[in-house]
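# Descriptive structure summary
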Amino acid sequence: MDGRTAVETKVLIDPQPMDDLRIVLFGKTRVGKSTLGNIIMGNTETFTSKDSSKDRTQKSHSTVEGQKVAVVDTPGVFKPGKHEDELVNEIKRSIDLASPGPHVFLLVLRFGMITSEELEVLEVFVRTFGRRALAYTTVVFTHRNEDEDYEANIQEAMIESKDFRELIEQCQWRYFAFNIEDKSPAQVTELLKKITPMGKDYFYTPDMLQEAGKPDEQDEKPKTAETTGRRALLERTGLVGIILGSVGGYLLGGGELTSTSGALLGALGGSVLSMGTTALAMKAKMLTEKCCKK
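- As recorded in an unreviewed UniProt entry, the chain goes by AIG1-type G domain-containing protein and comes from Astatotilapia calliptera.

Below, the structure is given as structure tokens:
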């Protein structure tokens, strides 16, 4: 327990607690990340001391109404004087400290307009832990004003800002607004309810961390390119078929573009010729690809 004393906090959570709930905090500096960790631990100063260990990944334990909780705080990204690679290597230690793996990552952001730097925080997170880690991530927006309706503000921001909405969407719509001025246990209760995993065996593993550094999208790129090429081919051949069908309908309709029969025949002819032209084009493409493989 690194010489620290567990802090007892009056918080009610699930009546069937897990062995422990392992949480990793991630975010840039000065967003209230360490303060959030302190509040979860019971309003201590575990993660906000001014010694040199503040630049290191730290772990602390607490017992919250019978539920063991382990919080791992990581150094803030974009810290002045710190290279990203150096910070990332230190942040990765959180997986060992949360052994056998964290149940949840809390991506901590200051509530407000999402800037390019906030989006870059998410990119650093994905580069560090891999895209699979997003399935275990909840965004926590910290704020200091209890009078505002932050739930409504977040909903409005998702409507108005595409970047904001995409950030939440990548974390599968899991988010929580947390007032870091409020030290009462009630808010911690709601947060823990929000982040309680599907089961004690549902957590991010060291194997996932090892896979995070691999180019996992390489296998998908050829398929994506092939799908895009076929879609473009379908659009081109479909357009040709529709044009030919429209001309045919015009002639079959006696040159009366405004007649009902001409319109119907044009639509029918366009559909048939579109499908036929597309089928011939796709078959030709497949034969060409087959010959090239040989």
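Once you've had a look at it, read on.
### Re the pairing of strand β5 (residues 104–110)
- Of all seven residues in β5, six are buried; the element is thus mostly enclosed.
- The sheet contact formed by β5 and strand β6 (residues 137–143) spans six bridges and is parallel. Each residue of the ladder has a partner; that of Arg110, found in β6, is Thr142.

### Topic: the packing of helix α5 (residues 150–160) against helix α6 (residues 162–170)
- Two elements in contact, α5 and α6, have axes whose closest approach is 5 Å; the angle formed by their N-to-C orientations is 115°. One element, α5, and the other, α6, form an angle in the roughly perpendicular class. As α5 runs across α6, the sense of the crossing is left-handed. Counted together, Ile154, Ala157, Met158, Ile159 and Glu160 of α5 and Lys162, Phe164, Arg165 and Ile168 of α6 form the full contact between these two elements.
- Along the lines of polarity and charge, the residues of the contact of α5 with α6 split into six nonpolar, no polar and three charged.

### Topic: the nonpolar core
- Of all hydrophobic cores here, the largest spans 35 residues; its most connected members are Phe26, Phe105, Phe129, Val139, Phe141 and Tyr204.
- Sorting the residues of this core by element identifies β2 (21–26), α2 (84–91), β5, α4 (116–129), β6, α5, α6 and α8 (206–212) as the ones contributing at least two each.
- With sequence-adjacent residues up to four places away left out, Phe105 is seen in contact with Val24, Ile95, Phe125, Phe129, Ala133, Tyr136, Thr137, Thr138 and Tyr204.
- If you look at the next biggest cluster of nonpolar residues, it comprises 23 residues, including Val69, Val108, Phe176 and Leu192.

Rules used throughout
Here the residue numbers are simple positions, counted from 1 along each chain's written sequence. Residue-level local features of this predicted model are given only where pLDDT is at least 70; pairs of side-chain atoms are given and counted only at 80 or more, and the full residue set underlies all totals for whole chains, interfaces and linings. Where side-chain values are given, they derive from all heavy atoms of the structure, hydrogens and water being excluded. Each residue gets one of three labels from its accessible area relative to the maximum for its type: buried under 20%, exposed over 50%, partly exposed in between, using a 1.4 Å probe on protein chains only. Here a strand is any run of E in DSSP of at least two residues, a helix any run of H or I of at least four, and the numbering for each starts at the N terminus. The criterion for strand pairing is that DSSP finds at least two bridges linking the strands in question. Here, axes are lines fitted to C-alpha atoms. For helices the fit covers the stretch in contact, and angles between N-to-C directions go from 0 to 180 degrees. Angles below 35 degrees are treated as roughly parallel, those above 145 as roughly antiparallel, those between 65 and 115 as roughly perpendicular, and all remaining angles as oblique. The hand of a helix crossing depends on one turn: near helix anticlockwise from the far one by less than a right angle means left-handed, and clockwise means right-handed. It only takes one pair of heavy atoms within 4.5 Å for two residues to be counted as in contact. The nonpolar class holds Ala, Val, Leu, Ile, Met, Phe, Trp, Tyr, Cys and Pro. Asp, Glu, Lys and Arg form the charged class, and all remaining residues, Gly among them, are polar. What we call a nonpolar core is a set of buried Ala, Val, Leu, Ile, Met, Phe, Trp, Tyr and Cys residues that are connected through their side-chain atoms within 4.5 Å.

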